[in-house]
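Given next are the chains, with one letter for each unit.
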Amino acid sequence: NLRLPLIMVGSAGSGKTVVMAMLIAWHTLNKVANPKDARFGDSFLVVTPGITIKDRLRVLLPSDPENYYRKMDLVPEDLREELQKAKVLVTNYHAFIPREKVSTSKTGKIVLTGGKADSAGIFTETPEEMVRRVCRDFGNKRNLIVINDEAHHCYRSRPADKEKMSAEEREEAKEREKEARVWISGLEAIKRELTLKGKAGVPVVYDLSATPFFLRGSGYAEGTLFPWVVSDFSLIDAIECGIVKVPRVPVADDSNLT
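Below, the structure is looked at part by part. In this text, all values refer to a predicted model and were calculated from it rather than measured experimentally.

### Thoughts on the overall build of the protein chain
Now for step 1: Scanning the protein chain from terminus to terminus reveals eight helices and five strands.
Now for step 2: The order of helices and strands in the protein chain, counted from the N terminus, is β-α-β-α-α-α-β-α-α-β-α-β-α.
Now for step 3: Residues counted as buried form 40% of the 258 residues belonging to the protein chain.
Now for step 4: For the protein chain, long-range pairs separated by at least 24 residues make up 74% of all intrachain contacts whose partners lie at least 6 apart in sequence.
Now for step 5: If you sum the accessible surface of the protein chain, you get close to 15500 Å²; carbon and sulfur atoms cover 54% of it.

### Here's the deal with helix H1 (residues 16-33)
Now for step 1: If you check H1, its first and last C-alpha atoms are 26 Å apart, about what 18 residues at 1.5 Å a residue would give, namely 26 Å.
Now for step 2: Those residues of H1 that sit buried are Lys16, Thr17, Met20, Ala21, Leu23, Ile24, Ala25, His27, Thr28 and Lys31.

### A short note on the packing of aromatic side chains
Given two aromatic rings, their pairing is described by the distance between the two centres and the angle made by the two planes.
Now for step 1: Tallying each qualifying case throughout the model produces seven aromatic pairs.
Now for step 2: Measuring from centroid to centroid gives 5.2 Å for Trp26 and Phe40, while their planes differ by 80°, and the two rings are edge-to-face. Of the two residues, Trp26 sits in helix H1 while Phe40 sits in the loop between H1 and strand E2 (43-48), which places them 14 residues apart along the sequence.

### Examining the pairing of strand E4 (residues 145-149)
Now for step 1: Along E4, five of the five residues are buried, which leaves the element largely enclosed by surrounding structure.
Now for step 2: Where burial is concerned, the two faces of E4 agree: the one with Ile145, Ile147 and Asp149 and the one with Val146 and Asn148 are both buried.
Now for step 3: With four bridges connecting them, E2 and E4 associate as parallel partners. Bridging across to E4, Val46 finds its partner in Ile147.
Now for step 4: Sheet analysis places E4 next to strand E5 (residues 205-209), joined by four bridges and oriented parallel. Across the sheet, residue Val146 finds its bridge partner in E5, namely Val205.

### Side note on a negative patch on the surface
Now for step 1: Taken together, Glu168, Glu171, Glu172 and Glu175 make up a surface patch of like negative charges.
Now for step 2: Summarising the element assignment, Glu175 is placed in helix H7 (residues 167-196).

### Focus on the nonpolar core
Now for step 1: Ranked by internal contacts, the top residues of the largest apolar core, which has 24 residues, are Val46, Leu60, Tyr69 and Val88.
Now for step 2: Counting only elements with at least two residues in this core, the list comes to H1, E2, helix H3 (68-71), strand E3 (87-92), E4 and E5.
Now for step 3: Examining the composition of this core, we find that five residues originate from one element, H1, more than from any other.
Now for step 4: Excluding residues that lie within four positions of it along the chain, Leu60 makes contacts with Thr17, Met20, Ala21, Ile24, Val46, Tyr69 and Val88.
Now for step 5: Formed by 22 residues, the second largest nonpolar core is a distinct cluster that contains Val131, Cys135, Ile184 and Leu194.

### Structural notes on the pairing of E2
Now for step 1: Buried residues dominate E2, accounting for six of its six residues.
Now for step 2: What you see with E2 is no split at all: Ser43, Leu45 and Val47 on one side and Phe44, Val46 and Thr48 on the other are buried throughout.
Now for step 3: Relative to E3, E2 runs parallel, the two being bridged by six bridges. Across the sheet, Ser43 pairs through a bridge with Lys87, a residue of E3.

### Some remarks on the packing of helix H6 (residues 127-134) against H7
Now for step 1: Two numbers describe how H6 lies on H7: the axes approach to 9 Å, and their chain directions differ by 90°. What the angle tells us is that H6 and H7 run roughly perpendicular. For the pair H6 and H7, the contacting residues are Pro127, Glu128, Met130, Val131 and Val134 in the first and Gly186, Ala189, Ile190, Arg192 and Glu193 in the second.
Now for step 2: Residues that form the contact of H6 with H7 fall into these classes: six nonpolar, one polar and three charged.

### Let's talk about empty space enclosed by the protein
Now for step 1: For the structure on display, the rule yields one cavity of 30 Å³ or more.
Now for step 2: Estimated volume of the largest cavity: approximately 40 Å³.
Now for step 3: Grouping the constituent residues of the lining of the largest cavity by class yields two nonpolar, two polar and two charged.

Definitions and cut-offs
- Residues numbered from 1 in each chain as written.
- Predicted model: local features only at pLDDT ≥ 70, side-chain atom pairs only at ≥ 80, totals over all residues.
- Heavy atoms only, no water.
- Helix = DSSP H or I, 4+ residues; strand = E, 2+ residues; numbered from the N terminus.
- Buried < 20%, exposed > 50% of the residue type's maximum accessible area, 1.4 Å probe, protein only.
- Contact = heavy atoms within 4.5 Å.
- Areas by Shrake-Rupley, 256 points an atom, 1.4 Å probe, with all protein chains shown as cover.
- Expected span 1.5 Å × (residues − 1).
- Phe/Tyr/Trp six-rings, centres within 6.5 Å; stacked < 30°, edge-to-face > 60°.
- Pairing = 2+ DSSP bridges.
- Patch = residues over 30% accessible without salt bridge, like charges linked within 9 Å, V, L, I, M, F, W, Y side chains within 5 Å.
- Salt bridge = Lys/Arg side-chain N within 4 Å of Asp/Glu carboxyl O.
- Lys, Arg positive; Asp, Glu negative; His and termini not counted.
- Charge placed at Lys NZ, Arg CZ, Asp CG, Glu CD.
- Core = buried A, V, L, I, M, F, W, Y, C linked by side-chain atoms within 4.5 Å.
- Axes fitted to C-alpha atoms, helices over the stretch in contact; angles between N-to-C directions.
- Parallel < 35°, antiparallel > 145°, perpendicular 65-115°, else oblique.
- Nonpolar A, V, L, I, M, F, W, Y, C, P; charged D, E, K, R; others polar.
- 1 Å grid on protein atoms, 1.4 Å probe; cavity = no way out; pocket = protein on both sides within 12 Å on 5 of 7 lines; lining within 4 Å.
- Points joined across faces, edges and corners; volume = space filled by probe spheres on them.

Below, the structure is given as structure tokens:
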């Protein structure tokens, strides 16, 4: 199973990025102090669903001027040099999509492959080549810890029963399923390829999401929590505890109307 029964869940604006920084600091500093302890690692693949979130998570890089380890005072000053030993790569799940290696027409591909799928990786990357490209910067690191942000986009769907959905809803569900398949298949390929090379692979995956449940069209009952969730904290509870801001509902301003 790719995921261990551990997930960090928080409401929107509750500080999930800080939790990610704490996980990275905890693993790295423990690995520096205990190099042979397989429970810890100093290589982190942070996967996001889009460019905006990817840019926002630059604060997880120990070398970034605005990094949270210093800004949030997560790591004592005397240990920040040790934290620089962490290798943190922030990427979008789109990096898991096999890239085209040779550009040719559709007809040319059919002729050269005999009408079969490009399983040999003639025109597009094989899973191994994709993993090598994504993980290139990690070099010979043994443990690769994965942190999924907005992890509700990463799941393995199942055949859905006939649900009553409009054409637009069905198209949206199909697109979500496609994105989820790319994300989870990419992580599975990374774990498989690294394990085959005699490395520890992916010993743990941390998921963070404000909405840790299946959406409509996933093949599961809408709103069902992911089975690997061990902690859930609702938005209403977060608002009542003062963790997140109180949402404001706009109302029409009719004060100047006669």
